[in-house]
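Residue-level listing of the chains:
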Amino acid sequence: MIPDKQFLITLAHTKMPYGKYEGRYLIDLPEYYVVWYNNKGFPKGKLGELLKQVYELKVNGLEHLIRNIQKQYPK
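Computed from a prediction, not measured in an experiment: that's the story for all the values here. (Residues numbered from 1 in each chain as written. Predicted model: local features only at pLDDT ≥ 70, side-chain atom pairs only at ≥ 80, totals over all residues. Heavy atoms only, no water.)

A. Spatial organisation of helix H3 (residues 46-59). Between its first and last C-alpha, H3 extends 20 Å over 14 residues, near the 20 Å set by a 1.5 Å rise per residue. When H3 is considered as a whole, its buried residues turn out to be Leu47, Gly48, Leu50, Leu51, Gln53, Val54, Tyr55, Leu57 and Lys58. Next to the buried residues of H3 lie helix H1 (5-13), helix H2 (31-40) and helix H4 (63-72). Once H3 ends, the next one or two residues include Gly61, with phi positive near 65°. (Helix = DSSP H or I, 4+ residues; strand = E, 2+ residues; numbered from the N terminus. Expected span 1.5 Å × (residues − 1). Buried < 20%, exposed > 50% of the residue type's maximum accessible area, 1.4 Å probe, protein only. Contact = heavy atoms within 4.5 Å.)

The structure is reproduced here in structure tokens:
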């Protein structure tokens, strides 16, 4: 996991920009959807990097860390 504070704050406040889950925070995406992206291939660029981190957080049961960041650093 990337220990960059600003990256994690950005992750906590980024919403899915398209698709079925458009407008949802990335951390709130269903786990099966993030696993599907992991198997299919993440998008290129910043969104892909954020989704990779969401995958790692969900697989390891660490979503609460991002939810705490959302509370501590409101947008």
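B. How the structure looks around the pattern of salt bridges. On inspection of all chains with the given rule, the structure shows three salt bridges. In this structure, the salt-bridge partner of Glu49 is Lys52, at a minimum N-O distance of 3.4 Å. Pair noted here: Glu49 and Lys52 are both in helix H3, with a separation of three residues, about one helical turn. For Lys52, a relative accessible area of 36% corresponds to the partly exposed category. (Salt bridge = Lys/Arg side-chain N within 4 Å of Asp/Glu carboxyl O.)

C. Spotlight on the nonpolar core. Counting 22 residues, the largest nonpolar core has Leu11, Leu26, Leu29, Leu51 and Ile66 as its most contacted members. At the level of secondary structure, the elements contributing two or more residues to this core comprise H1, H2, H3 and H4. If you tally residues by element for this core, the top one is H3, at six residues. Setting aside its immediate chain neighbours within four residues, Leu26 contacts Leu11, Thr14, Lys15, Met16, Leu47, Leu50, Leu51, Val54 and Lys58. (Core = buried A, V, L, I, M, F, W, Y, C linked by side-chain atoms within 4.5 Å.)

D. Molecular detail of H4. Residues of H4 that are buried include every one of Glu63, Ile66, Ile69 and Gln70, and no others. Projected down its long axis, H4 shows its buried positions confined to an angular sector of 120°, all on one face. With respect to the buried face of H4, the exposed residues turned more than 90 degrees away are Lys71 and Gln72. Those residues of H4 that are buried are in contact with H1 and H3. (Arc of directions from axis to C-beta.)

E. Spotlight on the packing of aromatic side chains. Counted by the stated rule, this structure contains six aromatic pairs. Site record: aromatic cluster; members linked through ring pairs are Tyr21, Tyr33, Trp36, Tyr37, Phe42 and Tyr55. (Phe/Tyr/Trp six-rings, centres within 6.5 Å; stacked < 30°, edge-to-face > 60°.)

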